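Listed here are the chains, written in short residue letters.
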Amino acid sequence: MLFSDFKNHSSTKISDSLLWEYDLNNFDYQDMKSLVIQRVIERGRMDDFYAMINLYGLKEVENTIKKIKCLNDKDINFVSVIFKIPFEELKCYKEQQLIKNH
């Protein structure tokens, strides 16, 4: 996996710019986990991915990715390949397929 050495990057933090509209002094990263993970997938850099995995753990990141409702095709392919998640397990992929069939 691309981010398998995440433990070597334990000092990285998620970029404040990914959550620009929130007051990060009072931001609850646990309650907003889905939003944080989605923002990192959509706009994050390598350090943001390392920080995300260190913050939530690899299994929790994978489980949360499966529940995200909306990602574009590029991001769906990226998470499927990098985290080895089949398309059929991604809620955003299933939702997208429903819309295309109409």
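Quick look at the structure, then. All figures in this text were calculated on a predicted structure; none of them were measured in a lab. (Residues numbered from 1 in each chain as written. Predicted model: local features only at pLDDT ≥ 70, side-chain atom pairs only at ≥ 80, totals over all residues. Heavy atoms only, no water.)

**Observations concerning helix H3 (residues 58-67)**
Within the sequence span of H3, burial applies to Val61, Glu62, Thr64 and Ile65. Viewed end-on, H3 has its buried residues packed into an arc of 165 degrees, placing them on one side of the element. Exposed and oriented more than 90 degrees from the buried face of H3 are Lys59 and Lys67. Packed against the buried residues of H3 are helix H1 (33-43), helix H2 (46-56) and helix H4 (73-82). (Buried < 20%, exposed > 50% of the residue type's maximum accessible area, 1.4 Å probe, protein only. Helix = DSSP H or I, 4+ residues; strand = E, 2+ residues; numbered from the N terminus. Arc of directions from axis to C-beta. Contact = heavy atoms within 4.5 Å.)

**Some thoughts on the packing of aromatic side chains**
Within this structure, the stated rule accounts for 7 aromatic pairs. Note on Phe3 and Phe49: the rings are 4.9 Å apart at their centroids and 5 degrees apart in plane angle, and the pair reads as stacked. Taken together, the residues span a long stretch of sequence, with Phe3 in the segment before H1 and Phe49 in helix H2 at a distance of 46 residues. Aromatic pair Phe49 and Phe78: ring centres 5.6 Å apart, planes at 65 degrees, arrangement edge-to-face. Placement of Phe49 in helix H2 and of Phe78 in helix H4 is noted, with a sequence separation of 29 residues between them. Residue classification places Phe49 among the buried positions, given a relative accessible area of 4%. What links up through ring pairs into an aromatic cluster is the set Phe3, Phe49, Tyr50, Phe78 and Phe83. (Phe/Tyr/Trp six-rings, centres within 6.5 Å; stacked < 30°, edge-to-face > 60°.)

**Here's the deal with the side chain of Glu62**
Secondary-structure assignment places Glu62 in helix H3. Looking at Glu62, the relative accessible area reads 12%, which means it is buried. Those residues in contact with Glu62, other than ones at most four positions away along the chain, are Phe83 and Ile85.

**Digging into the state of the cysteines**
By definition, a disulfide links the sulfur atoms of two cysteines through a covalent bond. Within this structure, the stated rule accounts for 0 disulfides. The thiol sulfur of Cys70 is not disulfide-bonded, and the nearest other cysteine sulfur, from Cys92, lies at 7.7 Å. The exposure class assigned to Cys92 is buried, which follows from its relative accessible area of 3%. (Disulfide = S-S within 2.5 Å.)

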